[in-house]
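The chain contents come next:
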Amino acid sequence: MEDASPWWQKARHADRRPRLLARNRITAAVRAWFAAEDFTEVECAALQVSPGNETHLHGFATDLIGPDGAPRQRYLHTSPEFAMKKLVAAGEARIFDFARVWRNRERTALHHPEFVMLEWYRAGAPYTRLMEDCAALLALAAATAGTQRWSYRGREADPTAAPERLTVAAAFARHAGIDLLATIAPDGAPDRPALAAEAEGAGIRFAADDSWTDIYSRILVERIEPHLGIGRPSILCEYPASEAALARRKPGDPRLAERFELYACGVELANAFGELTDPAEQRARFEADMDEKQRLYGERYPIDEDFLAALVAMPETSGIALGFDRLVMLATGANRVEDVMWVPVSE
């Protein structure tokens, strides 16, 4: 049962404080690691024209009142991604940001309305280079916190072990008995009836009006994610192109995209892309995602035209966002991300 006393109550704060101090040490160690890698730390404005254009992300809206008294709608960003890519377009080659970000409708043991996203970009580097970064940062967090084995809800992992690299298709075959690529057309278009048949054969329940993405996500959550990051970290890579978000397609196979996610103890820690720099394709993806958001939630967010313009000037780049609170939670043995936040958001 969770402690019902306020976080500022002296006895509770005394219990929380060792993990909070560990958070500070991990923050300092990560900053030093990026400095040694010749990165520049940046600070992105939280108020943006768009909070992001992914279907299931929900932003916080507010009004920016100009000197003329006229309101202009703005959003707290759900990620510093758009701003950081503009900096890459401006000429920055290696940047990172400990960004405070906001996501509405999210509050669980692993989610919080306001949290810290550690995001970094490497211009001119393949996205596999980010996999090496992840392994180094997991080991660094463990060493700084003084932990050799991580555990979360009965699942354990050695954070210093070399991460397993597993494609999404291989994971679906191994853990769900599903031939995922057989449900994707050669041009990357998803085949909903084919995936529905595969899911039904695997005993996955889904609704009659669920889309290909809905069914895919259900399989991922129920059958795949519980097996990831067990014993050692896992890197789940080569996502279907329809689930690519802002990632470019894999050269030679338009069914797939250069995207990976990092897991430890069954917990998703990071999401990485070989970045898409084609503004026309990016606009089409944004429009499709906003159409789906409108269908599901009755709302849509504006597209940041300045961001699309910046993509034209952006070199080939790889970028990644890591949930820093989750990293600290695992490194310190906490049960919830709130346990490693100095000041959680009030209920």
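The rules behind the values
- Residues numbered from 1 in each chain as written.
- Predicted model: local features only at pLDDT ≥ 70, side-chain atom pairs only at ≥ 80, totals over all residues.
- Heavy atoms only, no water.
- Helix = DSSP H or I, 4+ residues; strand = E, 2+ residues; numbered from the N terminus.
- Rg over C-alpha atoms; globule rule 2.2 N^0.38 Å.
- Buried < 20%, exposed > 50% of the residue type's maximum accessible area, 1.4 Å probe, protein only.
- Contact = heavy atoms within 4.5 Å.
- Areas by Shrake-Rupley, 256 points an atom, 1.4 Å probe, with all protein chains shown as cover.
- Lys, Arg positive; Asp, Glu negative; His and termini not counted.
- Charge placed at Lys NZ, Arg CZ, Asp CG, Glu CD.

Within the chain one finds 9 helices and 14 strands. Computed over the C-alpha atoms, the radius of gyration of the chain is 20 Å, within 12% of the 20 Å expected from 2.2 N^0.38 for a compact globule of 347 residues. Each of the three principal axes of the chain carries a C-alpha extent, and together these read 55 × 55 × 40 Å. Each of the 347 residues in the chain was classed as buried or not, and the buried ones make up 48%. Look at the contacts in the chain between residues 6 or more apart in sequence, and 68% of them connect residues 24 or more apart. Carbon together with sulfur atoms contributes 51% to the accessible area of the chain, which is approximately 15,500 Å² in total. Charged side chains in the chain number 41 positive and 53 negative. The centres of these two groups are separated by 5 Å.

We now examine the environment of Phe-324. Along the chain, the position of Phe-324 falls in helix α9 (residues 324-332). Taking the C-alpha atoms as reference points, Phe-324 and Ile-26, separated by 298 residues in sequence, lie 9.6 Å from one another. With residues near it in sequence (within four places) discarded, Phe-324 still touches Arg-23, Ile-26, Thr-27, Val-30, Phe-98, Val-116 and Leu-118.

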